[in-house]
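# Examination of the molecular architecture
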Amino acid sequence: MMRHQLFRSAAHASALSAGRTGLAAPAWQQAVRQYSIAPAASETKLADIDPSQLVIERTTNPKPLKAAKDLIFGRNFTDHMLMIEWQNTTGWQAPRIVPYQNLSLDPATCVFHYAFECFEGMKAYKDKAGNIRLFRPDKNMERFNKSAARIALPNFNGSALIELIAKFTKLESRFIPEERGYSLYLRPTLIGTQKTLGVGPPGSALLFVIASPVGPYYPTGFKAVSLEATDYAVRAWPGGVGDKKLGANYAPCVVPQREAMGRGFQQNLWLFGEQEYVTEVGTMNFFVALRNKETGQKELITAPLDGTILEGVTRDSVLSLARERLVPQGWNVVERKYTMKELDEAANEGRLIEAFGSGTAAIVSPVRHISWKGKLINCGLKDHEESGEIAAKMKEWIEARQYGDDEHEWSYIC
Ligand SMILES: Cc1ncc(COP(=O)(O)O)c(C=O)c1O
């Protein structure tokens, strides 16, 4: 794999320089010319992540716990972090849990220049018996590996990383409040660490996991949000990387979010194409419930995984629960493209029942209005309501599995 990528890069460089001079480089030169990247991986099998090699160095300076009510998302971190280094010559090194600390990286490190970075967002929950549980961590590992592969970062055995995350999370158990709605947000991150300004597959990488205790997204109950449909910027496009969790996908989304907020909307709604297909909301997947124009049947609709949508773990959970529990009640559950025009029409005809975002942070986020082409589309909530029925049920059903009240295979006991 590495060898193949290296060869392609070298050939590409030669092709570029040949283009400049008008002369093709000789074949021998094409084969050996390289950027300043590390040598190709040897033929020997590279080591995978091995949890049995874990070394733990405990902190001698434990942090005081913050009062649960003072927790702000992503601001406070636990005592330790999990770190695993990778080299293209040897593979994954022994995993280490060490005191939470700064990273020291050369300014030429490739992550700073070419965004060799991908990440995951997942949570650990404490159940009534005090067990720590992860929610569908296999899904996060699958997505993490797909993101890594897309930017030439190394893959790894997902089960081995889950085992290590479970150990790390148990070590940090005192940071997870017992109350419902609280959890430990986990941020697995993978970066290219090779010191080079050459553009090529990183010869070294670092996988680390940090953890941040978080409170309920809606401490005083649901608060429906209003959205601005963004028509001047797109988040993702066919053949792009919008379906991967790359850091590089997120920074460009902040300006449209800030613009929407400046006009009084809590989030922006991402559209795609001249047809104005509805794709995602902020950093969540998006669902609408409406009555079918022809049949009158109730439908729960979300955009399909066509490469422009992040494969949300919560999205998958909502779809699965809807198929299990709403279909028997007469609902149709559909993954298909749908447009703003369709939503507007459904709202005008009184067929739009509700709309909500889905994601790990909030589980569901009910939507009251969408601003589009100067109109304010009402998504079906009455003035006194903060959530529709489906969003409220989904939150209840998913939380029951996260906290182990509804014992289910989605819940991984650490
Ligand atoms: C762009 C985007 N879409 C959707 C989601 C929801 O994904 P998940 O349900 O796995 O949290 C996220 C969350 O991280 C996201 O960043």
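The shown structure was predicted, so the numbers you read here are calculated from the model rather than taken from an experiment.

Here we take up the overall build of the protein chain. The helix and strand inventory of the protein chain stands at 9 helices and 19 strands. Here the protein chain, with 414 residues, has 40% of them falling under the buried criterion. Taking the contacts inside the protein chain whose residues are at least 6 apart along the sequence as the reference set, 72% of them involve residues at least 24 apart.

On to the site of the ligand. What surrounds the ligand is a group of 13 residues, the closest being Leu310, Gly312, Thr314, Gly359 and Thr360. With 3 residues, the top contributor of residues to the shell around the ligand is helix H7 (residues 313-326). Per-class residue counts for the shell around the ligand are 3 nonpolar, 8 polar and 2 charged.

Under the feature "modified residue: N6-(pyridoxal phosphate)lysine" (unreviewed entry), the UniProt entry names Lys245. Mapped onto the elements, Lys245 comes out in the loop between strand E10 (225-230) and helix H6 (254-262). Once residues within four sequence positions are removed from consideration, Lys245 is found in contact with Cys118, Phe119, Glu120, Arg143, Ser147 and Leu310.

For strand E2 (residues 80-87) and strand E9 (residues 204-214), the ladder comprises 6 bridges, and the chain directions are antiparallel. Counted as the bridge partner of Trp86 is Ala205 from E9. Bridge count between strand E8 (residues 183-192) and E9: 10 bridges; the pairing is antiparallel. The residue of E9 that forms the bridge with Leu186 is Ala211.

The subject of this paragraph is the environment of Thr193. Of note, Thr193 is situated in the loop between E8 and E9. Note on Thr193: 20 C-beta atoms within 10 Å, which makes it buried. Separated by 106 residues in the primary sequence, Thr193 and Gln87 place their C-alpha atoms 9.5 Å from one another. Excluding residues within four positions of it along the chain, Thr193 makes contact with Leu105, Thr109, Val111, Pro202, Ser204, Ala205 and Leu206.

Another aspect to go through is the packing of helix H4 (residues 137-150) against helix H5 (residues 158-171). Orientation of H4 relative to H5, taken along the N-to-C sense of each, is 125°, at an axis distance of 9 Å. Classified by the angle between their axes, H4 and H5 sit oblique to one another. In the crossing of H4 with H5, the sense of the turn from one axis to the other is right-handed. Of H5, the residues touching H4 (which contributes Pro137, Asp138, Met141, Glu142 and Asn145) are Gly158, Leu161, Ile162 and Ile165. Tallied by class, the residues present in the contact of H4 with H5 amount to 5 nonpolar, 2 polar and 2 charged.

This part is about unusual backbone geometry. Despite not being glycine, Ile363 shows a phi value in the positive range, around 70°. By the secondary structure assignment, Ile363 is in strand E17 (residues 363-372). By C-beta crowding, Ile363 is classed as buried, having 26 other C-beta atoms within 10 Å. Positive phi is not limited to glycine here, since Lys373 has a value of about 50°. Tracing the sequence through the fold places Lys373 in the loop between E17 and strand E18 (375-378). For Lys373, a count of 11 C-beta atoms within 10 Å puts it in the exposed group.

With respect to the helices and strands, the residue Leu310 is situated in the loop between strand E14 (298-302) and H7. Residue classification places Leu310 among the buried positions, given that 22 C-beta atoms sit within 10 Å. Through-space distance from the C-alpha of Leu310 to that of Thr279 is 9.6 Å; in sequence the pair is 31 residues apart.

Judged by nonpolar contacts, the single largest core of 44 residues is most densely connected at Leu269, Val278, Phe287, Val288, Leu343 and Ile370. Per element, the largest residue contribution to this core is 6 residues, and it comes from strand E13 (residues 284-291). What Ile370 contacts, discounting residues up to four positions off in sequence, is Leu227, Ala229, Leu269, Ile377 and Cys379.

Side-chain positions along a regular strand alternate between the two faces of the sheet. Pairing of E14 with strand E15 (residues 332-335), which is carried by 4 bridges, proceeds in the parallel orientation. Opposite Glu299, over in E15, you have Asn332 as the bridge partner. Tracing the backbone out of E14, into H7 and back to the parallel element E15 gives a crossover that is right-handed.

Our next topic: helix H8 (residues 340-348). Note on helix geometry: an α-helix contains 3.6 residues per turn, so any two residues three or four positions apart are oriented the same way. Among the residues making up H8, those that are buried are Met340, Glu342, Leu343, Ala346 and Ala347. Projection of H8 onto a plane perpendicular to its axis shows the buried side chains occupying an angular sector of 160°, all on one side. Of the exposed residues in H8, the ones pointing more than 90 degrees away from its buried face are Lys341 and Asn348. A positive backbone phi angle near 70° is found at Gly350, which sits one or two residues after H8.

Here we take up the environment of Arg133. By the element assignment, Arg133 lies in strand E7 (residues 132-135). In this structure Arg133 comes out as buried when scored by C-beta crowding, with 22 C-beta atoms within 10 Å. If we ignore the near neighbours within four places in the chain, the residues touching Arg133 are Ala124, Tyr125, Asp127, Gln402, Gly404, Ser411, Tyr412, Ile413 and Cys414.

How each quantity is defined
Residues numbered from 1 in each chain as written. Predicted model: local features only at pLDDT ≥ 70, side-chain atom pairs only at ≥ 80, totals over all residues. Helix = DSSP H or I, 4+ residues; strand = E, 2+ residues; numbered from the N terminus. Buried ≥ 20, exposed ≤ 12 C-beta atoms within 10 Å, placed from the backbone. Contact = placed C-beta atoms within 7 Å. Near = placed C-beta within 6 Å. Nonpolar A, V, L, I, M, F, W, Y, C, P; charged D, E, K, R; others polar. UniProt positions renumbered as here; feature names shortened; annotations may be inferred. Pairing = 2+ DSSP bridges. Axes fitted to C-alpha atoms, helices over the stretch in contact; angles between N-to-C directions. Parallel < 35°, antiparallel > 145°, perpendicular 65-115°, else oblique. Left-handed = near helix turned anticlockwise from the far one by under 90°. Core = buried A, V, L, I, M, F, W, Y, C linked by C-beta atoms within 7 Å. Right-handed = clockwise from strand over helix to strand, strands pointing away. Arc of directions from axis to C-beta.

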